[in-house]
Amino acid sequence: MDRLAQLQQFVGKEFDQSPSPFMKWLNPIVLSVEEGQLEFQYTVRAEWLNPIGNLHGGVTAAIVDDIIGATMFSLNENSFITTINNVIDYFSTAKENDNIVAETKIIKRGKQFVNAQCEIWNADKTRLIARGTSNLFKINN
């Protein structure tokens, strides 16, 4: 079974079979999976908050990095694809027990480099929480 099909079998479920221990800790629910496009839902937990009770920017950045990594998995590349950089813009907040939705897309897919984007929204997608872009490099195995 290819990697895209592996991801697709989790639509509507927790992605508890991720090869990433960190993603297992984030515990996303897979909402949709297409090649180069994922949508995951997360529930903000108490340990994800900053001292004033908002979703910590570092956790937001980690979600962006992690789901973009899963998006690379969906491409069925023979190469390992590693992050070169992440740029995150923060627009709004989320509170404990809020559901947030992260959605990704590929901006440019080249021979050696991939540029991808992730947007994190509130549950009904009326408020953008953050947008991240990432450049990634293909490492031949």
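Reading the values: rules and limits
- Residues numbered from 1 in each chain as written.
- Predicted model: local features only at pLDDT ≥ 70, side-chain atom pairs only at ≥ 80, totals over all residues.
- Heavy atoms only, no water.
- UniProt positions renumbered as here; feature names shortened; annotations may be inferred.
- Helix = DSSP H or I, 4+ residues; strand = E, 2+ residues; numbered from the N terminus.
- Rg over C-alpha atoms; globule rule 2.2 N^0.38 Å.
- Contact = heavy atoms within 4.5 Å.
- Lys, Arg positive; Asp, Glu negative; His and termini not counted.
- Charge placed at Lys NZ, Arg CZ, Asp CG, Glu CD.
- Pairing = 2+ DSSP bridges.
- Core = buried A, V, L, I, M, F, W, Y, C linked by side-chain atoms within 4.5 Å.
- Buried < 20%, exposed > 50% of the residue type's maximum accessible area, 1.4 Å probe, protein only.
- Phe/Tyr/Trp six-rings, centres within 6.5 Å; stacked < 30°, edge-to-face > 60°.
- Lys NZ or Arg CZ within 6 Å of the ring centre and 35° of its normal.

An unreviewed UniProt entry annotates the protein as PaaI family thioesterase originating from Chryseobacterium panacisoli. What the UniProt record of the protein gives under Sequence similarities (unreviewed entry) is the line "Belongs to the thioesterase PaaI family."

When helices and strands are tallied, the protein shows three helices and six strands. The C-alpha atoms of the protein give a radius of gyration of 14 Å, which matches the 14 Å a tight globule of 141 residues would have. With the principal axes as the frame, the protein shows a C-alpha extent of 45 × 30 × 25 Å. Residue pairs in contact within the protein that sit at least 24 positions apart in sequence constitute 60% of those at least 6 positions apart. Computed over 13 positive and 16 negative side-chain charges, the separation of the two mean positions in the protein equals 6 Å.

A few words on the pairing of strand β4 (residues 99-109). A regular strand places its side chains so that they alternate between the two faces of the sheet. Bridging between strand β2 (residues 37-43) and β4 involves five bridges; their strand directions are antiparallel. Among the inter-strand pairings, Gln41 is bridged to a residue of β4, identified as Val101. Where β4 meets strand β5 (residues 113-122), nine bridges bridge the pair, whose relative direction is antiparallel. Within β5, the residue paired with Ile100 across the bridge is Asn122. Hairpin connection between β4 and β5: a loop of three residues separates the two successive antiparallel strands.

A few words now on the nonpolar core. Grouped together as the largest cluster of nonpolar side chains are 34 residues, with contacts concentrated most on Phe40, Tyr42, Trp48, Ile63, Met72, Ile100 and Ile120. Broken down by element, this core gets its largest block of residues, seven residues, from helix α3 (residues 57-73). Setting aside residues no more than four positions away along its own chain, Met72 makes contact with Ile81, Ile106, Val114, Ala116 and Leu136.

Positive phi outside glycine occurs at Asn97, with the angle close to 75°. The topology assignment puts Asn97 in the loop between β3 (80-90) and β4. Of the residues examined, Asn97 reaches a relative accessible area of 57% and is grouped as exposed. Of note, the phi angle at Lys125 is positive, near 60°, even though the residue is not glycine. Here Lys125 is to be found in the loop between β5 and β6 (128-139).

Tallied over the entire structure, the rule returns six aromatic pairs. Geometrically, the ring pair formed by Trp25 and Trp48 is tilted, given 6.0 Å between the ring centres and 45° between the ring planes. On the criterion of sequence distance, the pair formed by Trp25 in helix α2 (residues 21-26) and Trp48 in the loop between β2 and α3 is long-range, its members being 23 residues apart. You can call Trp25 partly exposed: its relative accessible area is 39%. In this structure an aromatic cluster arises from ring pairing among Phe10, Phe15, Phe40 and Tyr42. Lying across the ring of Trp25, Arg45 places its NZ or CZ 4.8 Å from the centre.

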